[in-house]
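Okay, here's what each chain looks like letter by letter:
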Amino acid sequence: MNDCAEASSILRESAVIVFVNSVAGGSRARSYLAQIRKLFESFHVHAQFVMTNSAAELESSAQNAISQGQRVLLAMGGDGTFQALANATFGAETLLGILPVGGGNDFAAALGLPDDPVKAADAILRGTPRFVDLAKVRTAEGRTRLYAGGGGVGLDAEAARYASGAYRWLPGRSRYLASALRALVGYVPIEVRIDFPGSDLISWKAKALLAAVLNSPSYGAGLRLAPAATLDDGSLHVVLIEDIGRFGALRLLPRLMGSGELRTSHVKRWRVSKVRLTARKPGLFHGDGEILGPMPVEIEVVPRAVRVLAPTAP
C-alpha cells in the first residue's frame, strides 16, 4: 500500500471492515452509523459494518478477519476499542482506523481527528496512512498487552475502574471527572518506585497521587498530563504526581482538565523508552482506561507499531 496515496483511493481498492463497538460511549455508535455509511458510499468505498457488543468481542472478530486475509480494519469506539483492534492485528501487515464514539477519545485526538465521528470519518477518508507507536505493558501475572494512549497506577487506575463500571453511562469527560471525584472519597496515596531499565536515569521513590505512562499527550478524556508527547516520537512520557492530599487533588483537577501544565515541585516528568513501576501494596495498572493487571508492571515503547489512517498534515 502506498503511504503517499489518499486514504480513499487505498480504501476503494481494498475490502474494508468497520467493527462497531455498540456499547462504546453509552451506545453512541448507533446514532452515527447511517451517516457514516452514506459518507463511505459517497467516497465510493465499500465497507462492511460489523456490530459487536464489547471490546473483547471486537478483538475476537478482528482476529478472525485477519486469519481470513482482511487487512484494512477500522473501529467505531473509544480508546479501549482501538486497544482491542491493535492487539488483535499487531504483527500483521494491516491498515487500521478509529472513528471516535467512546467516552474517552484521546488516541483519536492525538491523531488530529475531530471528536465528531462523522467529521472524523471524513478526515480519514481524505487523509493518509501513518505509522504510530504503541506502549507494551507486562503485568505481575505475566500478561502482555499493548495500549495506545495513556496508562497508570494510583488515583487514575481507581478512577478507570469506576469509569468502566458504575459511571459508564455518563458521556465523555464527565464520566472521568465523576469517576475521579468518586475515587478521591477513598483516596490513599500509593508508595511507588519508578525504575528505568537500560537507562542511566536514577530510580525514584515517592508517595504518589498517581504515576502515569503516556504515549499520547492526554488520557481520561482530555487530561493533558504529557503535553509534549506525540504518537510517533519513539518515547514514553512518565509523569509522577506526588502525594498532595485529598484537598490538594481537588484543587488540581480543574488544571488537569485544562492544559496539564502543572508547574509545581510535586510533578516529575521523564521521557524514556522503558519504565518499571512497583508499589509496596497491591495495585492495578490501567491502559486506555482498561484495567490490565497488577503491579509490578514494566512498560516499553514499540516504535512504529501499527499503521493508521489519519488526517493529512497541514
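Parameters and conventions
- Residues numbered from 1 in each chain as written.
- Predicted model: local features only at pLDDT ≥ 70, side-chain atom pairs only at ≥ 80, totals over all residues.
- Heavy atoms only, no water.
- Helix = DSSP H or I, 4+ residues; strand = E, 2+ residues; numbered from the N terminus.
- Contact = heavy atoms within 4.5 Å.
- Areas by Shrake-Rupley, 256 points an atom, 1.4 Å probe, with all protein chains shown as cover.
- Buried < 20%, exposed > 50% of the residue type's maximum accessible area, 1.4 Å probe, protein only.
- Lys, Arg positive; Asp, Glu negative; His and termini not counted.
- Salt bridge = Lys/Arg side-chain N within 4 Å of Asp/Glu carboxyl O.
- Polar contact = N/O pair within 3.5 Å; in protein donor to acceptor, adjacent residues only side chain to side chain.
- 1 Å grid on protein atoms, 1.4 Å probe; cavity = no way out; pocket = protein on both sides within 12 Å on 5 of 7 lines; lining within 4 Å.
- Points joined across faces, edges and corners; volume = space filled by probe spheres on them.
- Nonpolar A, V, L, I, M, F, W, Y, C, P; charged D, E, K, R; others polar.

*Asks:* Which residues make up the overall build of the protein, and what values do they have?
*Replies:* Regarding its fold elements, the protein presents nine helices and 15 strands. For the protein, restricting intrachain contacts to residue pairs at least 6 apart in sequence, the fraction spanning at least 24 positions comes to 72%. When the accessible area of the protein is evaluated, it comes to approximately 13,300 Å², of which 51% is carbon and sulfur surface.

*Asks:* Describe the side chain of Asp233, with residues and values.
*Replies:* Along the polypeptide, Asp233 turns up in the loop between β9 (204-214) and β10 (236-242). With no salt bridge to any partner, buried Asp233 finds its closest opposite charge in Arg271, at an N-O distance of 4.0 Å. At 3.3 Å, the side chain of Asp233 forms a polar contact with the backbone nitrogen of Thr230. Separated by 2.8 Å, the side chains of Asp233 and His237 make a polar contact. Among all residues touching Asp233, those that are not within four sequence positions of it are Asp133, Ala228 and Arg271.

*Asks:* Go over the side chain of Asn87 with me, naming the residues and quoting the values.
*Replies:* One can find Asn87 in helix α4 (residues 79-89). By relative accessible area, which is 17% here, Asn87 ends up buried. If we ignore the near neighbours within four places in the chain, the residues touching Asn87 are Glu59, Arg145 and Leu146.

*Asks:* Give a detailed account of the layout of surface pockets, specifying residues and quantitative values.
*Replies:* The rolling of a water-molecule-sized probe over the atoms marks out the regions of remaining empty space. The space that makes up the second largest pocket amounts to roughly 500 Å³. What lines the second largest pocket is a set of 24 residues, among which Gly154, Val188, Pro189, Ile190 and Pro282 lie closest to the centre. When residues of the lining of the second largest pocket are traced back to their parent elements, those giving at least two are β7 (150-154), α7 (155-163), β8 (190-195) and β9. Its residues placed into classes, the lining of the second largest pocket shows 15 nonpolar, three polar and six charged.

*Asks:* Quick rundown of the pattern of salt bridges? Include the residues and the values.
*Replies:* Side-chain pairs of opposite charge can arise whenever the charged atoms involved come near each other. A full pass over the atoms with the stated rule returns six salt bridges. Across the pair Asp122 and Arg126 runs a salt bridge, and its minimum N-O distance is 2.9 Å. On the accessibility criterion, Asp122 (21% relative accessible area) is partly exposed. In this structure, the salt-bridge partner of Asp195 is Arg193, at a minimum N-O distance of 2.9 Å. Looking at Arg193, the relative accessible area reads 33%, which means it is partly exposed.

*Asks:* An account of helix α6 (residues 117-125) is requested, with residue identities and associated values reported.
*Replies:* The buried fraction of α6 is high, at seven of nine residues. When we look at burial in α6, the residues that qualify are Pro117, Val118, Ala120, Ala121, Ala123, Ile124 and Leu125. Summarising the contacts, the buried residues of α6 are in contact with α1 (7-12), α2 (29-42), β3 (72-77), β4 (95-100) and β15 (297-310). Measuring from the side-chain oxygen of the N-cap residue of α6 to the backbone nitrogen of Val118 gives 2.9 Å; that N-cap residue is Asp116.

*Asks:* Outline the environment of Leu74, listing residues and values.
*Replies:* With respect to the element layout, Leu74 can be found in strand β3. Each C-alpha atom of the pair Leu74 and Leu309 lies 8.9 Å from the other, and the pair is 235 residues apart in sequence. Excluding anything up to four places from it in sequence, Leu74 contacts Val16, Ile17, Val18, Phe19, Phe40, Leu85, Gly97, Ile124 and Leu309.

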